[in-house]
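# Inside the fold
Chain by chain, the residues:
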Amino acid sequence: MAASTDRDIKELKELINSRFNAIDSRFDKLENRFDSLEEKVKVLEIGQTKLEANLGKIEVRLEEWKPSINKISDLAEKVGELKNWRQIAVIVISAVLAATLGWWARSGKP
């Protein structure tokens, strides 16, 4: 009876050890996953730091361009005014040319 009990105890020890080995391997896998996640988080933090630095540069550049950006509405208004003056000039020139051509056609002399 002692031999069968020793054999049963050995089987139980092997079973317990195999379970602990399986648990250890699972913990190792989890540790590897956590390590890879930590590396990814570090990469994301570095990327975020670089992005924040770039955003700061963009904000500085926009502040530099702000006077020029504010002038755009004034320039658009001036272009609109020039467009009206251009139309008036075209009408005046057309009228002068029409009158000249009409006068020239009526007189018959070049």
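Structure: above.
Residues numbered from 1 in each chain as written. Predicted model: local features only at pLDDT ≥ 70, side-chain atom pairs only at ≥ 80, totals over all residues. Heavy atoms only, no water.

### Comments concerning the overall build of the protein chain
Looking only at helices and strands, the protein chain features one helix and zero strands. Taken against the 2.2 N^0.38 rule, which gives 13 Å for 110 residues, the C-alpha radius of gyration of the protein chain at 44 Å runs more than 25% over that of a compact globule. Projected onto the principal axes, the alpha-carbon positions of the protein chain cover approximately 145 × 35 × 20 Å. Out of the 110 residues in the protein chain, the part that is buried amounts to 0%. With the model as given, the accessible surface of the protein chain reaches about 10700 Å², and the carbon-plus-sulfur share is 64%. With 19 positive and 18 negative side-chain charges, the protein chain shows a spacing of 15 Å between the two charge centroids. (Helix = DSSP H or I, 4+ residues; strand = E, 2+ residues; numbered from the N terminus. Rg over C-alpha atoms; globule rule 2.2 N^0.38 Å. Buried < 20%, exposed > 50% of the residue type's maximum accessible area, 1.4 Å probe, protein only. Areas by Shrake-Rupley, 256 points an atom, 1.4 Å probe, with all protein chains shown as cover. Lys, Arg positive; Asp, Glu negative; His and termini not counted. Charge placed at Lys NZ, Arg CZ, Asp CG, Glu CD.)

### With respect to a positive patch on the surface
A cluster of like positive charges, contributed by Arg19, Arg26, Lys29 and Arg33, occupies part of the molecular surface. Note on placement: Arg19 falls in helix α1 (residues 2–107). (Patch = residues over 30% accessible without salt bridge, like charges linked within 9 Å, V, L, I, M, F, W, Y side chains within 5 Å. Salt bridge = Lys/Arg side-chain N within 4 Å of Asp/Glu carboxyl O.)

### Quick word on a nonpolar patch on the surface
Nonpolar side chains collect at one region of the surface, where Leu12, Leu15, Ile16, Phe20, Ile23, Phe27, Leu30, Phe34 and Leu37 lie side by side and expose about 890 Å² of accessible area between them. Structurally, Leu12 can be placed in helix α1.

### Structural notes on the environment of Leu55
Tracing the backbone shows Leu55 in helix α1. In this structure, the C-alpha to C-alpha distance between Leu55 and Glu77, residues 22 residues apart in sequence, is 32 Å.

### Quick word on the environment of Gly47
The topology assignment puts Gly47 in helix α1. Sequence separation between Gly47 and Ser25 is 22 residues, and the spatial gap between their C-alpha atoms is 33 Å.

### Let's talk about a negative patch on the surface
There is a patch of like negative charges on the surface, built from Asp24, Asp28, Glu31, Asp35, Glu38 and Glu39. With respect to the element layout, Glu39 can be found in helix α1.

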